[in-house]
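In case you want the letters, here they are:
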Amino acid sequence: METKMQAIRTRYHGPTNTMGSRISAKAESGTRYFPYDYASVNPHKDAAEAFANSFGWLKDGSTLESGVFGHDYYFVIVRGKETPMCVGCEASVVSECLCPSGGTL
Ligand SMILES: [Zn+2]
C-alpha cells in the first residue's frame, strides 16, 4: 500500500524580545521553527522544503505544491518523475497495481 502523504502547514510568527521573526512548519511528524528569511522570494516554501528534507520526503525528486488559507500556507508532496504511479490505482510499482488492464505506469 502507498504510504500516507503528510501535509505541511507553515505559519509566520512575529519577532519577540528575544527572537527574530520565524516560520513554523508543522505536520503529523512534528513541528520545527525556521528563521524568517527576508531575502527569500518565498520563505514559507523554504521552510516547508527544509522541513520535508529533514524527514527525507523529497529524496526521490518529489516537490512541494502550496496553497494559502488565511495567513497560513499548506504544502503537499508531489511525487517526482522517479516514482511513477499507475494512473488507475496510483500504485507506484507494477507488482502492486490492482487494475484489470495491468495499469499504466
Ligand atoms: Zn493500477
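Rules used in this analysis
- One numbering rule holds for all chains: residues counted from 1, following each sequence as written.
- Residues qualify for local features only when their pLDDT is at least 70, as the model is predicted, and side-chain atom pairs are given and counted only at 80 or more; totals for whole chains, interfaces and linings, by contrast, use all residues.
- Where helices and strands are cited, they refer to DSSP runs of H or I of at least four residues and of E of at least two residues respectively, numbered from the N terminus.
- Put simply, a residue is buried when 20 or more other C-beta atoms lie within 10 Å of its own C-beta and exposed when 12 or fewer do; between those, it is partly exposed, and each C-beta is set from the backbone.
- Remark: residues whose backbone-derived C-beta atoms lie within 7 Å of one another are considered to be in contact.
- Only strands joined by at least two bridges in the DSSP assignment are considered to pair.
- Axis definition: a line fit to C-alpha positions, over the contact stretch in the case of helices; interaxial angles, taken between N-to-C directions, run 0 to 180 degrees.
- To form a nonpolar core, buried Ala, Val, Leu, Ile, Met, Phe, Trp, Tyr and Cys residues must be joined through C-beta atoms within 7 Å.

A. Looking closely at the overall build of the chain. Secondary structure summary: the chain contains one helix and five strands in total. When its helices and strands are written in sequence order, the chain yields β-β-β-α-β-β. Each of the 105 residues in the chain was classed as buried or not, and the buried ones make up 11%. Counting only contacts in the chain whose residues sit at least 6 apart along the sequence, the fraction spanning at least 24 positions is 23%.

B. Examining the sheet that holds strand S3 (residues 30-35) more closely. Taking strand neighbours across the sheet as the criterion, the five strands line up as S3-S2-S1-S5-S4 in an open arrangement whose pairing is antiparallel. In the strand order of this sheet, the two ends are held by S3 and strand S4 (63-69), each with one partner. Ignoring strand direction, the axes of neighbouring strands in this sheet form an average angle of 25 degrees. In the sheet, S4 pairs with strand S5 (residues 72-78) via seven bridges, with the strands oriented antiparallel. Each residue of the ladder has a partner; that of serine 66, found in S5, is phenylalanine 75.

C. Quick look at the environment of lysine 45. Checked against the element boundaries, lysine 45 lands in helix H1 (residues 43-54). Residue class for lysine 45 comes out partly exposed when judged on the 18 C-beta atoms lying within 10 Å of it. Each C-alpha atom, one on lysine 45 and one on serine 66, is 7.8 Å from the other, the two residues being 21 residues apart in sequence. Dropping the residues within four chain positions of it, lysine 45 is found in contact with Leu64 and Ser66.

D. A look at the nonpolar core. One finds Ile8, Ile23, Ala25, Ala47, Ala48, Phe51, Ala52, Tyr73 and Phe75 forming the largest nonpolar core, which totals nine residues. Mapped onto this core, the elements with two or more residues apiece are strand S2 (22-27), H1 and S5. Among the elements that take part in this core, H1 stands out by supplying four residues, more than any other. Among residues more than four places away in sequence, those in contact with tyrosine 73 are Thr10, His44, Ser66 and Val68.

The quantities given are spatial measurements derived from coordinates; they are silent on function.
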